[in-house]
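Here is what each chain is made of, one letter per residue.
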Amino acid sequence: MPLQMNREVFITCAVTGSGSTQDKSPHVPRSAKQIADSAIDAAKAGAAIVHCHVRDPETGKPSRDVALYREVTERIREAEVDVVLNLTAGMGGDIIFGGVETPLPPVAGTDMVGATERVAHVAACLPEICTLDCGTMNFAEADYVMTNTPGMLQAMGRMMTDLGVKPEIEAFDTGHLWYAKQLVKDGILDGPALVQLCMGVPWGAPDDLNTFMAMVNNVPPDWTFSAFALGRHQMPYVAASVLAGGNVRVGLEDNLMLDRGVLATNAQLVERAVGIIENLGARVIGPDAVRARLGLTKRAPVTA
């Protein structure tokens, strides 16, 4: 198999995520201002795209509050640095079952809402990109399932397409790619598509290189892909994705450490990724080049 290295690479910074990391590092942003400031710093460091969740500013727990998304996106858009906005649409499909003998009814932490509510902040803020998690899977916790049924994905995908927001297909396993290709074939998503290969997330695709290349080889040749892995494998995957022909994602959503015992900021993780990419002989591209490549249009949000 010939080496098909990507010579012009864009970096996505996943700024905060929705995991329970808020008390593990002081650098994980909580408030809308902190999230926006961290995203802006990441853009200054070389990220062309910032992928944003929001959190309750007091507790740090994940939130779907449209007002918080508005504040984050407005602060980023008003900044002096340009960057492509990518908002999550992955929340609102979480089931936590009661236990192995009494799984129903679901217990505290369950967050299940309809398709319209899951994309309400996308409709309000009109980012250039939003995520679409293309499958249901077990996560690390014993009784937690992330649900994305075919019907839900069809409905959400149509809404994103109608809004003119490009979905970033998040594929946690090979079957997710399979269904993503069906969504494009059915005309629900426009092709060529953008896909994020999510490696090493329990219990999806493991982050060994054989599995990674199986994922890469299932991405249609006219699609654009990016990839990431968790924790200490985040930076090795910067190199792996570039060498496989893809783009890269780093950030505090996926990894808190810069080095052993050294907590990172988002900007530091982006700077480290820039160094790896450039030392491989590739070039880091900016937001305008990403818009041209992906056919994105920067728009103003809907007036409240």
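Residues numbered from 1 in each chain as written. Predicted model: local features only at pLDDT ≥ 70, side-chain atom pairs only at ≥ 80, totals over all residues. Heavy atoms only, no water.

1. Concerning the overall build of the chain
Phase 1 of the analysis: Within the chain one finds 10 helices and 18 strands.
Phase 2 of the analysis: A globule of 304 residues ought to have a C-alpha radius of gyration of about 19 Å, and the chain, at 18 Å, matches this closely.
Phase 3 of the analysis: When its C-alpha atoms are laid out on the principal axes, the chain stretches across 55 × 45 × 40 Å.
Phase 4 of the analysis: Restricting the contact set of the chain to residue pairs at least 6 apart, pairs at least 24 apart contribute 74%.
Phase 5 of the analysis: Working note: accessible area of the chain is about 13100 Å², and carbon and sulfur atoms make up 54% of it.
Phase 6 of the analysis: Side chains of the chain carry 25 positive and 35 negative charges; the gap between the two charge centres is 3 Å. (Helix = DSSP H or I, 4+ residues; strand = E, 2+ residues; numbered from the N terminus. Rg over C-alpha atoms; globule rule 2.2 N^0.38 Å. Contact = heavy atoms within 4.5 Å. Areas by Shrake-Rupley, 256 points an atom, 1.4 Å probe, with all protein chains shown as cover. Lys, Arg positive; Asp, Glu negative; His and termini not counted. Charge placed at Lys NZ, Arg CZ, Asp CG, Glu CD.)

2. A few points about unusual backbone geometry
Phase 1 of the analysis: Going from L104 to P105, the amide bond is cis rather than trans, its omega being 0°.
Phase 2 of the analysis: Tracing the backbone shows P105 in the loop between β7 (93-96) and β8 (111-112).
Phase 3 of the analysis: A cis amide bond links P202 with the next residue in sequence, W203, at an omega value of 5°.
Phase 4 of the analysis: Residue position: W203 is located in the loop between β13 (194-199) and α7 (209-216).
Phase 5 of the analysis: Of note in the backbone geometry, L126 takes a positive phi value of approximately 45° without being a glycine.

3. With respect to helix α9 (residues 266-279)
Phase 1 of the analysis: In a regular helix each residue adds 1.5 Å, so 14 residues correspond to 20 Å; α9 covers 20 Å between its end C-alpha atoms and thus fits that length.
Phase 2 of the analysis: Listed as buried for α9 are N266, A267, L269, V270, A273, V274 and I277. Projected onto a plane normal to the axis of α9, the buried residues spread over an arc of 160° and lie on a single side.
Phase 3 of the analysis: Among the residues trailing α9, G281 stands out with phi positive, at a value near 95°. (Expected span 1.5 Å × (residues − 1). Buried < 20%, exposed > 50% of the residue type's maximum accessible area, 1.4 Å probe, protein only. Arc of directions from axis to C-beta.)

4. Describing the pairing of strand β15 (residues 247-250)
Phase 1 of the analysis: Covered by surrounding structure in β15 are N247 and R249 together with V248 and V250, the residues of both alternating faces.
Phase 2 of the analysis: For strand β2 (residues 11-14) and β15, the ladder comprises 3 bridges, and the chain directions are parallel. Considered in β15, the bridge of T12 is made with R249.
Phase 3 of the analysis: Bridge analysis of strand β14 (residues 224-229) against β15 gives 2 bridges, and the strand direction is parallel. (Pairing = 2+ DSSP bridges.)

5. Section: the sheet that holds β8
Phase 1 of the analysis: Here 4 strands make up an open sheet; going across it, the order is β8-β7-β11-β10 and the pairing antiparallel. Every other strand in the sheet has two partners, leaving β8 and β10 (137-138) as the edge strands with one partner each.
Phase 2 of the analysis: Bridge analysis of β7 against β8 gives 2 bridges, and the strand direction is antiparallel. Across the sheet, residue D94 finds its bridge partner in β8, namely D111.

6. A short note on the packing of aromatic side chains
Phase 1 of the analysis: The tally for this structure, following the rule as stated, stands at 3 aromatic pairs.
Phase 2 of the analysis: These aromatic residues form a ring-pair network of at least three members: F139, Y144 and F172.
Phase 3 of the analysis: A cation sits over an aromatic face here: R249 above F228, 3.9 Å from the ring centre. (Phe/Tyr/Trp six-rings, centres within 6.5 Å; stacked < 30°, edge-to-face > 60°. Lys NZ or Arg CZ within 6 Å of the ring centre and 35° of its normal.)

7. Thoughts on the pairing of strand β3 (residues 49-52)
Phase 1 of the analysis: Neither face of β3 is left uncovered, since the one carrying I49 and H51 and the one carrying V50 and C52 both have all their residues buried.
Phase 2 of the analysis: Relative to β3, β2 runs parallel, the two being bridged by 3 bridges. Pairing of T12 across the sheet is with I49, part of β3.
Phase 3 of the analysis: Handedness of the β-α-β unit built from β2, helix α1 (residues 32-45) and β3 comes out right-handed.
Phase 4 of the analysis: Pairing analysis gives 4 bridges linking β3 to strand β6 (residues 84-87), with the strands arranged parallel. Across the sheet, C52 pairs through a bridge with L87, a residue of β6. (Right-handed = clockwise from strand over helix to strand, strands pointing away.)

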